[in-house]
Amino acid sequence: MTLSLRRRIAVAATLGLALVTNAACGAVTPASTAAADGSGFTLAGYIKDAVEKGQPLKIKLSYHDPSLAFAVPIRQGMERGAKEFGVDAQMIGPSGGNPADQVAELQTLINQKQIHGLAVSSASNDALKPVIAQAYDAGIPIISFNTNNPESKQMGFVGQDLVASGKSLAKELIGVLKGRTGKVVVASVDSGAGWSNDRFSGFQEGVKDAGLQIVGPVNTGNEPSAAYNTIESTMAAQKDAVALVSLDCCSFTAGAKWLQQSGNAGKIHSVGFDIQPQTVEYLKSGVVDLTISQAPAEQGYQAVKLLADYLKNGTEISSVDTGVLVVTRANVGDVPVEG
């Protein structure tokens, strides 16, 4: 890793750690002085006992679909945090991303009183708001990571500002187009998800004066061959498109595969998110222009850190913005692969 990139990443991390967002529910009372009169969060008795007795603390990270490649670096960061802070951390969640299954799993954990801290990432914000409130009211420290739930009872958020990241993607696309105008096809593995809507709204805002016509977002789904087929059929109907934009890692690699196999690499510009191994190869070969990293390993690590520090030291929970890092062919070799 070059010295200049190390310096930029270090500065970004420092700034991210300083970005505190208390708009949703205000400052959180430390565990050691939690109010018992209903004026703020009150730590559950069984959790307080476990902390005072020095028992192993169990922290769960509920990810909306642990089978996704993006979950791998989050889990790695979580495991690093668990080792560093001396807690038992585990990633859970439904394979396939069904919000109802995620809610049911979380409700079981809350009712069993077997967890001491909880971090959640949801495909559907509305679906998880009630269960976030249930955990908070039950005295379980709860934060969101990766996908935000700003109108819920979460005590903090670790991850990228999704609207801002969409605006950043728009800015980068305008840069690579160099004044070219026309149709831009936008793809998402789940166009109805809250994270996708936030990122898309930021992207729309960012390109509103650029003379670009947005087509989509096109829902591709998670399954690679189905995503490829959806992009292939969509682009067949949009032969005059000047760019193919993805709001996530997996529709991005599916789109890149289509660009390469159809002979459109270099003719149609492509930008997206995350740094999967395939994305690295597509960047190096010039199939795609750039990608934006949201530091998934840091999300897993910081989620554990916030909860462990709160439980063990009474440290007030503050939100952490993991920021935006633009990755191109020039610096892709200096950035860790996310998966």
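By convention here, each chain's residues receive numbers from 1 onward along its written sequence. In view of the model being predicted, local features appear only for residues whose pLDDT reaches at least 70, and side-chain atom pairs are presented and counted only at 80 or more, with totals across whole chains, interfaces and linings using the full set of residues. In computing side-chain values, all of the structure's heavy atoms are included and hydrogens and water are not.

Topic: the nonpolar core
- Buried Ala, Val, Leu, Ile, Met, Phe, Trp, Tyr and Cys residues form a nonpolar core when they are joined through side-chain atoms within 4.5 Å. Three labels apply to residues, based on accessible area from a 1.4 Å probe with only protein chains included: buried if under 20% of the type maximum, exposed if over 50%, partly exposed otherwise in between. Among the nonpolar cores identified, the biggest contains 50 residues, and Leu61, Tyr63, Leu118, Ile142, Ile143, Phe145 and Met155 are the most heavily contacted of them.
- A run of H or I in DSSP becomes a helix once it reaches four residues, and a run of E becomes a strand once it reaches two; helices and strands are each numbered from the N terminus. Broken down by element, this core gets its largest block of residues, 8 residues, from helix α11 (residues 296–313).
- Contacts are assigned to residue pairs that have any heavy atoms within 4.5 Å of one another. Setting aside anything within four residues of it in sequence, one finds Leu61 in contact with Ile74, Met78, Gln90, Met91, Ile92, Ala119, Phe145, Gly300, Ala303 and Val304.
- Core analysis: the next-biggest nonpolar cluster, separate from the first, contains 25 residues, Ile231, Met235, Leu244 and Leu325 among them.

Some details on the sheet that holds strand β1 (residues 58–63)
- Read across the sheet, 6 strands follow the order β2-β1-β3-β4-β5-β11 without closing on themselves; strand pairing throughout is parallel. Strands at the two margins of the open sheet, each flanked by one partner only, are β2 (88–92) and β11 (320–321).
- Two strands pair if DSSP finds at least two bridges between them. Note: β1 against strand β3 (residues 117–121), 5 bridges, orientation parallel. From the neighbouring strand, Lys60 faces β3, where its bridge partner is Leu118.

Some remarks on helix α9 (residues 249–262)
- Multiplying one less than the number of residues by 1.5 Å gives the expected span of a helix. Between its terminal C-alpha atoms α9 stretches 20 Å, which fits the 20 Å expected from 14 residues at 1.5 Å a residue.
- By the criterion applied in these results, polar contacts are pairs of N or O atoms within 3.5 Å in which, for protein atoms, one can donate a hydrogen and the other can accept it, and in which residues neighboring in sequence qualify only through two side-chain atoms. The N-terminus of α9 is capped by Asp248, whose side-chain oxygen sits 3.0 Å from the backbone nitrogen of Cys250.

Some details on the side chain of Ser144
- Mapped onto the elements of the fold, Ser144 is located in strand β4 (residues 142–145).
- A distance of 2.6 Å separates polar atoms of two side chains, one belonging to Ser144 and the other to Gln154.
- The residues touching Ser144, leaving out its near neighbours within four places in the chain, are Val120, Ile132, Asn149, Gln154, Gly156, Phe157 and Val158.

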